[in-house]
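These are the residues of each chain, in order.
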Amino acid sequence: MPDTNFDAIVIGSGPGGYVTAIRAAQLGLKTAVVEKDKVGGRCLNYACIPAKAVLRVADIVSEIDDASEFGISVGQRSIDFSAVLERRNQVVSTLTGGVSGLLKKNKVEVIEGEASLVPNKLAVSVNGTEYSAAKLIVLATGSVKRPIPGTTYGGRVIGTEEAWALPELPERLAVIGSGASGSEIASAYARLGSKVQLLEALDRVLPAEDADISKVAARGFKAQGIDVQTGVLVSDVASSENSVSFKYGESAGEADWVVIAAGRGPDVEALGLSEAGVKLDERGLVEVDGTQKTSVPGIYAIGDIVPGPALAHKASEEGIIAVEDAAGLSTHPIEYPDIPRATFCTPNVGSFGLTEAQAKEQGYDVVVGKVPYGAVGAGTVYGDRSGSVKLVGDRKYGELLGAHIVGAKATDLIQELVNTKALEGGYPEVARIIHGHPTMSEALAEAARAADGWLIHG
Ligand SMILES: Cc1cc2nc3c(=O)[nH]c(=O)nc-3n(C[C@H](O)[C@H](O)[C@H](O)COP(=O)(O)OP(=O)(O)OC[C@H]3O[C@@H](n4cnc5c(N)ncnc54)[C@H](O)[C@@H]3O)c2cc1C
């Protein structure tokens, strides 16, 4: 007979669920995690990690292609796409194996199967067996792809997860949606050699980013040969055996594969939420308070099924808050705008907080500090003068309202500014913190000086 009594049961083993389970076990709770597919969730198996593994290959290809600038001549290079996929799979299995090991080390029981809530009890049902939770249940079931209106998935019309698992390098790829996922896919495949069209309904790529960042990113995409079409609605998508035809604006297009990268929705259908009394908001996301509690006592929800940006690190943090709250520790709600956002296309994009336009709309006395990477020595030494850093601050108290970086290592560089804000520092402090030389991080200090009115290099 399996053990069916736990303190904590977590449904879903993605970055939300597995981190929650480990934290619960650390706090002395007897914990189980239920997974209907693979340990590690979508993030490790199909999304974040495979995406970054393939993007890494594209980055190496770019470095090889740019090698002559550094005095290196490279013969004809070629890509063995099956070897690329093999490495991608190896990366995934190393990391998912690591998660399984961590769950085991922390004595978290992994229950295989699809879980649903048992109404009026703190319990879940999996494959006909009921498991009870003495303290809490955490819903961490993530999200699934959603088509854009007028389209359906099937044949050669695929979602972003499938885009990172194509069996061979496509000759022609069309990507609908130039948010983070769409831009990553377009930028990877274009540099690997596919002919890529990036189709965006709004008037710029990466439309959630600051407008200045979108401009630099669009220039980078075009330099990679991506056919960027903004302000176009895609319609009449029809998949045949070898290709997909579609319309965008007044034009007709055709590709080997069409990737819809324009939105996802919560994976909650199997959970039996309405029978259990768990309330959803108008967008179908699970309603939670600042400690991730749902409308039902003892049931918490985290990750892609609750409001906020759909990001792995956000899911993990919410899980930690949920179990710490249930264990009686004091927690504080997440400052959602200050979660770092990272887009791993080339050029790399990292940001947090408000864009300049949002800060103005919110009535701040906005100050902007902007410098190109070329303003500091590192930009020239390492070969990226076109990147740029933009800080958005509030003049009144020197507060950092947001930061926006586009260019090499932006996804790593952004963390310094996130940390500064979390530790209640502002741009005047960043301007006076000593940064190592020659590093790209000096561009952050210069942007802070620019905001503070005393730019040195520029
Ligand atoms: C292509 C792509 C690339 C991305 N890249 C990044 C990135 O670089 N960085 C980043 O921060 N975010 C990225 N994201 C977003 C990130 O993947 C999600 O925000 C993250 O996976 C959410 O974590 P989660 O734990 O909520 O859910 P998931 O990772 O989706 O895991 C949920 C798990 O729950 C399981 N499950 C669902 N229902 C049940 C049930 N009833 N019973 C049992 N198990 C169930 C599922 O099988 C799944 O394994 C990307 C997303 C995509 C699609």
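Each value, and the rule that gives it
Residues numbered from 1 in each chain as written. Predicted model: local features only at pLDDT ≥ 70, side-chain atom pairs only at ≥ 80, totals over all residues. Near = placed C-beta within 6 Å. Helix = DSSP H or I, 4+ residues; strand = E, 2+ residues; numbered from the N terminus. Nonpolar A, V, L, I, M, F, W, Y, C, P; charged D, E, K, R; others polar. Domains from an automatic or database assignment. Buried ≥ 20, exposed ≤ 12 C-beta atoms within 10 Å, placed from the backbone. Right-handed = clockwise from strand over helix to strand, strands pointing away. Pairing = 2+ DSSP bridges.

A word on the site of the ligand. Neighbouring the ligand are 36 residues, the closest being G12, G14, G41, G142 and G303. Elements represented by at least two residues in the shell around the ligand include exactly α1 (15–26), β2 (31–35), α2 (41–45), α3 (48–65), α5 (160–163) and α9 (312–326). For the shell around the ligand, the per-class residue count stands at 15 nonpolar, 13 polar and eight charged. Split by domain, the residues of the shell around the ligand number at least three in each of domain 1 (5–144 + 265–326) and domain 2 (157–262).

Before going further, it helps to examine the domain arrangement of the protein. In terms of domains, the protein is made up of domain 1 (5–144 + 265–326), domain 2 (157–262) and domain 3 (347–452). For domain 1 versus domain 2, the separation of C-alpha centres amounts to 27 Å. Each residue belonging to the side of domain 1 that touches domain 2 can be placed in one class, and the counts come to eleven nonpolar, one polar and one charged.

Leave glycine aside and you will find that most residues have negative phi; peptide bonds, for their part, are mostly trans. Residue T346 is joined to P347 through a cis peptide bond whose omega torsion reads 0°. Look at E424: it is not a glycine, yet its phi comes out positive at around 65°. Within the element layout of this structure, E424 appears in the loop between α12 (410–422) and α13 (427–432). Judged by C-beta crowding, with 9 C-beta atoms within 10 Å, E424 ranks as exposed.

Moving on to the pairing of strand β9 (residues 172–176). Of all five residues in β9, four are buried; the element is thus mostly enclosed. With helix α6 (residues 180–192) bridging β9 and its parallel neighbour strand β10 (residues 195–200), the resulting β-α-β unit is right-handed. As paired elements, β9 and strand β15 (residues 257–260) share four bridges and run parallel to each other. Bridging across to β15, I176 finds its partner in I260.

Our next topic: the pairing of strand β6 (residues 129–139). Across six bridges, strand β1 (residues 5–11) lies against β6 in parallel orientation. Residue pairing across strands places F6 opposite A133, the latter belonging to β6. Note: strand β5 (residues 123–126) against β6, four bridges, orientation antiparallel. Paired with A123 across the two strands is S132, which belongs to β6. Hairpin connection, β5 to β6: the antiparallel pair is bridged by two residues, and N127 has positive phi, about 50°. Direction of pairing for β6 relative to strand β17 (residues 299–301): parallel, over a ladder of three bridges. Bridging across to β17, I137 finds its partner in I299.

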